[in-house]
Amino acid sequence: MTVHFIGAGPGDPELITVRGQRLIASCPVCLYAGSLVPPAVVEGAPEGARVRDTAPMTLDEILAEIEAAHAAGQDVARVHSGDPSLYGAIAEQIRRLDAAGIPWEITPGVPAFAAAAAAMGKELTLPEISQTLIVTRTAGKASGMPEGEDLETLGKSGATLALHLSIRNLREIERRLIPLYGADCPVAVAYRVGWPDEAFLHGTLGDIREKVRKAKLTRTALIFVGRVLGEAEFRDSALYDGAHPHVLRPKRRAG
């Protein structure tokens, strides 16, 4: 018996990995985070499988389901949104499973920032504009941020930022980042990426808060901040530059 933590991707049932899809189709127990994973993702569970939405459940209730499956020798598909390694709340479950001697493994998924970038048609790392992507969040009611991970500290790098769980903190984001990035710095808000009602708002640090307010977006949104979002003038990568030889494209000898 194994508990399979599966990254379901951002919402589109076609963005789950082949492995994740196969595991869901083979596990007699399927526990999925229904607030972020649409039912269509787990429709491939076997006929007669026990399929439960864990959104209204506590950690103890989820573990009780897993322990019952373990006692019955049944594999469990534990389906999370995006990639489980990012804000997946799997570490606390794994700690409990280890204590109970229950085997587990992780199948990665498409993270929301990657799906959003694809939908926007953007590369998040442009030569000499930004070569760093910081995936972070801001402090909320449930938890604060560790020391040294505040927006001022991270923003000093000038890196592209992907801010999760922060749509209600736009006033604070604006206040902290405008001195570092400028009020004209491009911002994109990706709402429910991969879902049928997916939407994108584009603006700047100076005006995005008002646009979000008018659109009435209050949850399930990812905020991108960075010059790569609006930059059209950048040099080509050296990867395919004919004047830049490398191990797979050695310099040709004249002759």
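Scroll up to find the structure this text is about.
Here goes a summary of the coordinates provided. Everything quoted here is computed from the prediction, not taken from an experiment.

1. Structural notes on unusual backbone geometry
1) Next: Phi at Tyr 87 takes a positive value of approximately 50 degrees, unusual for a residue other than glycine.
2) Next: With respect to the element layout, Tyr 87 can be found in the loop between strand E4 (76–80) and helix H3 (91–100).
3) Next: Phi at Arg 192 takes a positive value of approximately 45 degrees, unusual for a residue other than glycine.
4) Next: Summarising the element assignment, Arg 192 is placed in the loop between strand E8 (186–191) and strand E9 (199–204).
5) Next: A relative accessible area of 16% places Arg 192 in the buried class.

2. Regarding the sheet that holds strand E2 (residues 29–32)
1) Next: Pairing in this open sheet of five strands is parallel, and the strands run E3-E2-E4-E1-E5 from one edge to the other. Edge strands, defined here as strands with exactly one partner in the open sheet, are strand E3 (50–53) and strand E5 (104–107). The mean angle between the axes of side-by-side strands here comes to 15 degrees, regardless of whether they run parallel or antiparallel.
2) Next: Of the pairings in the sheet, the one linking E2 to E3 comprises four bridges and is parallel in character. In the strand pairing of E3, Cys 30 is matched with Val 51.

3. Overview of helix H1 (residues 18–26)
1) Next: Among all positions in H1, only Gly 20, Leu 23 and Ile 24 are buried. Along the long axis of H1, the arc covered by the buried residues comes to 100 degrees, so they all point the same way. Exposed side of H1, more than 90 degrees from the buried face: Val 18 and Arg 22 are the residues found there.
2) Next: Along its buried surface, H1 packs onto strand E1 (3–7), E4 and E5.

Definitions and limits used
- Residues numbered from 1 in each chain as written.
- Predicted model: local features only at pLDDT ≥ 70, side-chain atom pairs only at ≥ 80, totals over all residues.
- Heavy atoms only, no water.
- Helix = DSSP H or I, 4+ residues; strand = E, 2+ residues; numbered from the N terminus.
- Buried < 20%, exposed > 50% of the residue type's maximum accessible area, 1.4 Å probe, protein only.
- Pairing = 2+ DSSP bridges.
- Axes fitted to C-alpha atoms, helices over the stretch in contact; angles between N-to-C directions.
- Arc of directions from axis to C-beta.
- Contact = heavy atoms within 4.5 Å.

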